[in-house]
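# Remarks on the overall topology
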Amino acid sequence: MIEVERILRVDHAGEFAAINIYRSQLYIARHLYKDIVPKLEEMLSHEQQHFDTFDRILQSRDIRHCYALSFWAFGGATLGFLTALAGRNAIWVCTDSIESTVLHHLEWQLDFLEKHDQEVHDAVFSIKADEQEHQEFGRSQGSNSLIYKPIFWVVEKSTEFAIWLSTKL
Ligand SMILES: [Fe+2]
Ligand SMILES: [Fe+2]
């Protein structure tokens, strides 16, 4: 089904972007904020597992990945670098913002998949718990200070835009 393929492609691309965000944040954190390296590594390993889950399903069903995959890698890496350079709080505000947007999206997908594709539903469901944990951790470590609102907003809009564009490509 076209809609299921679209969901798989978007999620696959999103996890690929997430991997690149954490990789570049880790690169900076290893120099500037060593104490958060283990947590970022843990989150990166989750995203790697998520990516593998979608990659496996795409391959087993002979579905192509998103055309813009390398663009998402670049976008993710850029976002990761910029937020990490903006400070340790910005890293967590970024996580909170992305995962809030993503979770909203996963909710919609699960509703749809429940009726149309059990295998993909279960895959998305298994990932949701990790993303929720990431969001909660991001929120607890980030900052409510007003200066971070623009970062939250920009990341949220970029994520929404990326999700929207991935459904087209
Ligand atoms: Fe993920
Ligand atoms: Fe995540």
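The notes below deal with the structure included here. Here the structure is a predicted model, which means the values were calculated and not measured. (Residues numbered from 1 in each chain as written. Chains lettered and ligands numbered in written order. Predicted model: local features only at pLDDT ≥ 70, side-chain atom pairs only at ≥ 80, totals over all residues. Heavy atoms only, no water.)

Let us now look at the overall build of the chain. If you tally the helices and strands in the chain, you get six helices and zero strands. Along the chain, helices and strands appear, N-terminal first, in the series α-α-α-α-α-α. For 169 residues, the compact-globule estimate of 2.2 N^0.38 gives 15 Å, and the chain sits close to it at 15 Å. Over its C-alpha atoms, taken along the principal directions, the chain stretches across nearly 45 × 25 × 25 Å. Across the chain, contacts joining residues at least 24 apart in sequence account for 84% of those joining residues at least 6 apart. Accessible surface, the chain: about 8800 Å² in total, of which carbon and sulfur atoms supply 58%. Between the averaged position of the 16 positive side-chain charges in the chain and that of its 25 negative side-chain charges there is a distance of 5 Å. (Helix = DSSP H or I, 4+ residues; strand = E, 2+ residues; numbered from the N terminus. Rg over C-alpha atoms; globule rule 2.2 N^0.38 Å. Contact = heavy atoms within 4.5 Å. Areas by Shrake-Rupley, 256 points an atom, 1.4 Å probe, with all protein chains shown as cover. Lys, Arg positive; Asp, Glu negative; His and termini not counted. Charge placed at Lys NZ, Arg CZ, Asp CG, Glu CD.)

What follows deals with the packing of helix 1 (residues 2-32) against helix 4 (residues 88-116). Running from N to C, helix 1 and helix 4 cross one another at 165°; their axes reach a closest spacing of 12 Å. In terms of their interaxial angle, helix 1 and helix 4 are classed as roughly antiparallel. By crossing handedness, the relation of helix 1 to helix 4 is classed as left-handed. Between helix 1 and helix 4, the contacting residues are Glu3, Val4, Ile7, Val10, Asp11, Ile21, Tyr22, Gln25 and Leu32 on the first element and Arg88, Ile91, Cys94, Thr95, Ile98, Glu99, His105, Leu106, Trp108, Gln109, Phe112 and Leu113 on the second. Tallied by class, the residues present in the contact of helix 1 with helix 4 amount to 13 nonpolar, four polar and four charged. (Axes fitted to C-alpha atoms, helices over the stretch in contact; angles between N-to-C directions. Parallel < 35°, antiparallel > 145°, perpendicular 65-115°, else oblique. Left-handed = near helix turned anticlockwise from the far one by under 90°. Nonpolar A, V, L, I, M, F, W, Y, C, P; charged D, E, K, R; others polar.)

A separate point is the layout of surface pockets. Taken as a whole, the largest pocket holds about 640 Å³ of empty space. Of all the secondary structure elements, the ones that give two or more residues to the lining of the largest pocket are helix 1, helix 2 (37-60), helix 3 (69-85), helix 4, helix 5 (118-141) and helix 6 (149-168). A total of ten residues in the lining of the largest pocket trace back to one element, the largest contributor, which is helix 1. (1 Å grid on protein atoms, 1.4 Å probe; cavity = no way out; pocket = protein on both sides within 12 Å on 5 of 7 lines; lining within 4 Å. Points joined across faces, edges and corners; volume = space filled by probe spheres on them.)

As a further point, take a nonpolar patch on the surface. Taken together, the side chains of Tyr27, Leu32, Phe81 and Leu85 make up a nonpolar region of the molecular surface, amounting to roughly 430 Å² of accessible area. Contributing elements (two or more residues each) for the nonpolar patch: helix 1 and helix 3. Within the secondary structure, Leu85 sits in helix 3. When its relative accessible area of 57% is taken as the criterion, Leu85 is described as exposed. (Patch = residues over 30% accessible without salt bridge, like charges linked within 9 Å, V, L, I, M, F, W, Y side chains within 5 Å. Salt bridge = Lys/Arg side-chain N within 4 Å of Asp/Glu carboxyl O. Buried < 20%, exposed > 50% of the residue type's maximum accessible area, 1.4 Å probe, protein only.)

Before going further, it helps to spend a moment on the coordination of the iron ion (ligand 2). Bound to the iron ion (ligand 2) are the protein donor atoms Glu47 (OE), Glu99 (OE), Glu131 (OE) and His134 (ND1), situated 2.0 to 2.3 Å from the metal. For the iron ion (ligand 2), the four donor atoms in the first shell make angles of 88 to 135° at the metal, so the coordination geometry reads as tetrahedral. Within one chain, the residues donating to the iron ion (ligand 2) are spaced in sequence as E-x51-E-x31-E-x2-H. A separation of 3.7 Å is found between the iron ion (ligand 2) and the iron ion (ligand 1), which share Glu47 as a coordinating residue. Within this pair, whereas Glu99 is found in helix 4, its partner Glu131 is found in helix 5, the two being separated by 32 residues in sequence. (Donors = N, O, S within 2.8 Å, 3.2 Å for Na, K, Ca; no water. Tetrahedral: all angles 85-135°; square planar, octahedral: opposite > 155°, others 65-115°.)

This part takes up the packing of aromatic side chains. According to the stated counting rule, one finds six aromatic pairs in the structure shown. For the ring pair Tyr27 and Phe81, a centre distance of 6.0 Å and an interplane angle of 75° mean the geometry is edge-to-face. Placement of the pair is Tyr27 in helix 1 and Phe81 in helix 3, with a sequence separation of 54 residues. Judged by its relative accessible area of 33%, Phe81 is partly exposed. One residue, Lys39, lies across the ring of Phe137, its end atom 4.5 Å from the ring centre. (Phe/Tyr/Trp six-rings, centres within 6.5 Å; stacked < 30°, edge-to-face > 60°. Lys NZ or Arg CZ within 6 Å of the ring centre and 35° of its normal.)

Geometric descriptors of this kind do not, in isolation, establish any biological role.
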